[in-house]
Amino acid sequence: MMTAVDAKALFQQATEVAVSAYAPYSGFGVGAALLAKSGQVYVAVNVENAAYASTICAERAAVAAAVAAGERNFKAIAIAAANGSPISPCGACRQVLSEFGVSIDVVTTGLDGLRTESLEFLLPRPFHL
Ligand code: THU
């Protein structure tokens with residue numbers, strides 16, 4: 001598990017980018033900060049669409065940005081709601097993250113503050129071909 005200080009710093013980056021979320025339909029902006037083993041951080045936001053199902057979550061957008069930059073190995077991802085409310089990654093994003101390994105730390109906020117959990121804990125027995 002990453003240190004509390006590192007988790008807080010990564011969460012801060014997710015919070016900062018969340019203001020750029022494009023969420024006119026739900027009004028629920030989300031920011032994600034994905035830390036690769038290279039040390040590089042990839043930030044992204046949710047991008048909604050008038051065809052609601054075409055929306056992409058912040059976490060999957062961050063994975064796409066990181067992979068486009070040549071990354072394959074990840075240490076942690078922080079997820080923040082623009083309004084500061086508690087958040088937990090959706091099932092689809094857990095599955096997409098699991099493609100690159102389940103030992104990644106997932107930093108979110110619960111009702112009692114920041115929490116760091118392994119993806120393995122959040123998604124037991126993911127689907128793999
Ligand atoms: N959303 C994310 O971006 N990440 C999550 O972990 C949960 C949900 C987005 C999708 C949609 O644009 C909005 O939040 C409301 O569901």
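Refer to the structure above for everything that follows.
Residues numbered from 1 in each chain as written. Predicted model: local features only at pLDDT ≥ 70, side-chain atom pairs only at ≥ 80, totals over all residues. Heavy atoms only, no water.

Student: Please explain the nonpolar core as it appears in this structure.
Tutor: One broad rule of soluble globular proteins: the nonpolar side chains tend to lie buried together. L34, I77, L97 and I104 are the most contacted members of the largest nonpolar core, which totals 22 residues. At the level of secondary structure, the elements contributing two or more residues to this core comprise β1 (30–36), β2 (41–45), α2 (58–68), β3 (74–81) and α4 (119–122). In terms of residues, this core owes the most to one element, α2, which gives five residues. Once you skip the residues sitting within four places of it in the chain, I77 turns out to touch L10, A32, A33, L34, E59, L97, I104, D105, V106 and V107. (Core = buried A, V, L, I, M, F, W, Y, C linked by side-chain atoms within 4.5 Å. Buried < 20%, exposed > 50% of the residue type's maximum accessible area, 1.4 Å probe, protein only. Helix = DSSP H or I, 4+ residues; strand = E, 2+ residues; numbered from the N terminus. Contact = heavy atoms within 4.5 Å.)

Student: Explanation requested: the site of the ligand in the structure shown.
Tutor: In the vicinity of the ligand, the contacting residues are S26, F28, V30, N46, E48, T55, C57, A58, E59, S88, P89 and C90. Measuring from an oxygen atom of the ligand, one finds a side-chain N or O atom of N46 at 2.9 Å. Between A58 and the ligand, the recorded distance is 3.0 Å, taken from a backbone N or O atom to an oxygen atom. Protein contact buries 78% of the 380 Å² of open area that the ligand shows by itself. (Near = heavy atom within 4 Å. Polar contact = N/O pair within 3.5 Å; in protein donor to acceptor, adjacent residues only side chain to side chain. Areas by Shrake-Rupley, 256 points an atom, 1.4 Å probe, with all protein chains shown as cover.)

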